[in-house]
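Remarks on the overall topology
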Amino acid sequence: MKVGVVTFPGSLDDVDARRAVSIGGHEAVALWHGDEDLRGVDAVVLPGGFSYGDYLRCGAISRFAPVMASVIEAAGKGMPVLGICNGFQILCESHLLPGALIRNDHRTFVCRDQRLRIERVDTPWTSAYAAGAEVTIVLKNGEGGFVADEPTLDRLEGEGLVVARYLEGNPNGSLRDIAGISNERGNVVGLMPHPEHAVEDLTGPGTDGLGFFTSLVEQAFA
């Protein structure tokens with residue numbers, strides 16, 4: 001599959017995401033924030049970083065980048081879209097996912113290997129995992145606290161839209177320990193931890209993040 005990885009001004013992990021896509025068995029395609037052309041890709045990754053310097057709010061300016069008009073349209077037609085960290089913030093600002101990501105409750109940047117439980121495994125990004133799988137994936141954020149009103153949180157829980165949940169301590173104040181969510185269809189997933197930093201034993205905490213990139217193959221041949 002051809003998987004596009006968008007680069008915004010201030011993106012930090014776009015190259016890492018492209019490498020993870022390649023290790024996962026796909027063709028990584030570089031996409032530019034100012035170009036509406038998705039270049040025929042089958043899926044899109046919005047990577048981590050500090051797009052547009054995080055001015056106004058994290059992801060608030062990126063939401064209006066020309067490429068996002070195409071991403072929003074494609075997501076509405078079922079294209080798989082994964083937003084990682086800053087990409088998750090962009091998905092919320094774009095209203096492709098509910099809620100918002102705010103400043104960590106301890107008001108400091110956190111960078112650590114984070115234990116997670118994978119809870120939704122019927123998405124194009126998580127089908128390689130077993131339900132309830134516990135994994136360790138890199139987490140690094142300053143504005144990673146997921147918030148939403150109580151009815152939205154209840155809906156996410158009740159409809160099984162929580163993709164991943166923090167274990168062994170909440171690192172940023174996310175309500176109900178939520179680390180990642182999806183839309184109802186499951187094609188759009190936002191995740192605060194960085195699976196692209198956990199795809200090789202040589203670097204990072206292991207390969208627990210690789211499933212987010214091999215899952216596309218699982219879905220393609222299901």
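Residues numbered from 1 in each chain as written. Predicted model: local features only at pLDDT ≥ 70, side-chain atom pairs only at ≥ 80, totals over all residues. Heavy atoms only, no water.

Here's the deal with the pairing of strand S9 (residues 162–166)
Taken across its five residues, S9 has five buried, putting it largely inside the fold. As paired elements, strand S6 (residues 110–118) and S9 share three bridges and run antiparallel to each other. By the bridge assignment for S9, Ile118 is matched with Ala164. (Buried < 20%, exposed > 50% of the residue type's maximum accessible area, 1.4 Å probe, protein only. Helix = DSSP H or I, 4+ residues; strand = E, 2+ residues; numbered from the N terminus. Pairing = 2+ DSSP bridges.)

With respect to the side chain of Ser62
Note on placement: Ser62 falls in the loop between strand S3 (43–46) and helix H2 (66–76). Within the local environment of Ser62, its side chain forms a polar contact with the side chain of Ser51, the two groups lying 2.5 Å apart. Not counting chain neighbours up to four residues away, the residues in contact with Ser62 comprise Phe8, Ser51, Tyr52, Met68 and Ile90. (Polar contact = N/O pair within 3.5 Å; in protein donor to acceptor, adjacent residues only side chain to side chain. Contact = heavy atoms within 4.5 Å.)

Side note on the layout of surface pockets
Approximately 160 Å³ is the volume attributed to the largest pocket. Around the largest pocket, the lining residues are Arg57, Cys58, Gln89, Cys92, Glu93, His95, Gly99, Ala100, Leu101 and Glu143. The leading source of residues in the lining of the largest pocket is helix H3 (residues 86–93), at three residues. Its residues assigned to classes, the lining of the largest pocket comprises four nonpolar, three polar and three charged. (1 Å grid on protein atoms, 1.4 Å probe; cavity = no way out; pocket = protein on both sides within 12 Å on 5 of 7 lines; lining within 4 Å. Points joined across faces, edges and corners; volume = space filled by probe spheres on them. Nonpolar A, V, L, I, M, F, W, Y, C, P; charged D, E, K, R; others polar.)

Structural notes on the environment of Ala148
Here Ala148 shows up in the loop between strand S8 (145–147) and helix H4 (150–158). Those residues within four positions of Ala148 in sequence are excluded, and the remaining contacts are Gly99, Leu153 and Leu175.

Some remarks on helix H1 (residues 14–23)
When H1 is considered as a whole, its buried residues turn out to be Asp14, Ala17, Ala20 and Val21. When H1 is viewed along its axis, its buried side chains cluster within an angular range of 120 degrees and face the same direction. One or two positions beyond H1, positive phi appears at Gly25, with a value near 100 degrees. (Arc of directions from axis to C-beta.)

Examining the UniProt feature "active site" (unreviewed entry) in the protein chain
Per the UniProt entry, the sites bearing "active site" (unreviewed entry) are Cys85, His194 and Glu196 in this numbering. Taken together, the annotated residues stretch across 112 residues yet fold into one region, lying no more than 11.0 Å apart by C-alpha. Looking at the element boundaries, Cys85 is found in the loop between strand S4 (81–84) and H3. Beyond its immediate sequence surroundings of up to four residues, Cys85 is in contact with Gly48, Lys140, Asn141, Leu191, Met192 and His194. Secondary-structure assignment places His194 in the loop between strand S11 (188–191) and helix H5 (211–220). Of the residues examined, His194 reaches a relative accessible area of 1% and is grouped as buried. (UniProt positions renumbered as here; feature names shortened; annotations may be inferred.)

Here we look at the environment of Arg185
The residue Arg185 is located in the loop between strand S10 (178–182) and S11 in this model. For Arg185, a relative accessible area of 56% corresponds to the exposed category. For Arg185, the residues in contact, after removing those within four places along its chain, are Gly76, Lys77, Gly78 and Arg120.

Some thoughts on the pairing of S6
Bridge count between S6 and strand S7 (residues 134–141): eight bridges; the pairing is antiparallel. Bridge pairing links Arg117 to Glu134 in S7.

Some words on the sheet that holds S10
The nine strands are arranged S2-S1-S3-S4-S11-S10-S9-S6-S7 in an open sheet whose pairing can be described as mixed. With partners counted over all chains shown, the strands left at the sheet margins are strand S2 (27–32) and S7, one partner each. Pairs of neighbouring strands in the sheet enclose a mean axial angle of 25 degrees, with direction left out of account. Relative to strand S1 (residues 2–7), H1 is tilted by about 175 degrees, and along the sheet it contacts S1, S2 and S3. (Axes fitted to C-alpha atoms, helices over the stretch in contact; angles between N-to-C directions.)

A short note on a nonpolar patch on the surface
On the surface, a cluster of nonpolar side chains totalling about 290 Å² of accessible area is made up of Leu12, Phe50 and Phe109. Looking at the secondary structure, you find Phe50 in the loop between S3 and H2. Taking the relative accessible area as the measure of exposure, Phe50 reaches 38% and is therefore partly exposed. (Patch = residues over 30% accessible without salt bridge, like charges linked within 9 Å, V, L, I, M, F, W, Y side chains within 5 Å. Areas by Shrake-Rupley, 256 points an atom, 1.4 Å probe, with all protein chains shown as cover. Salt bridge = Lys/Arg side-chain N within 4 Å of Asp/Glu carboxyl O.)

Section: the pattern of salt bridges
Throughout the structure, instances matching the rule amount to 16 salt bridges. Between Arg115 and Glu168 there is a salt bridge; the shortest N-O distance is 3.9 Å. You can see Arg115 sitting in strand S6 and its partner Glu168 sitting in the loop between S9 and S10, a full 53 residues away along the chain. Its relative accessible area of 68% is what places Glu168 among the exposed residues. The closest approach of N and O atoms between Arg176 and Glu150, which form a salt bridge, is 2.7 Å. One end of the pair, Arg176, is in the loop between S9 and S10; the other, Glu150, is in helix H4, and 26 residues separate them in sequence.

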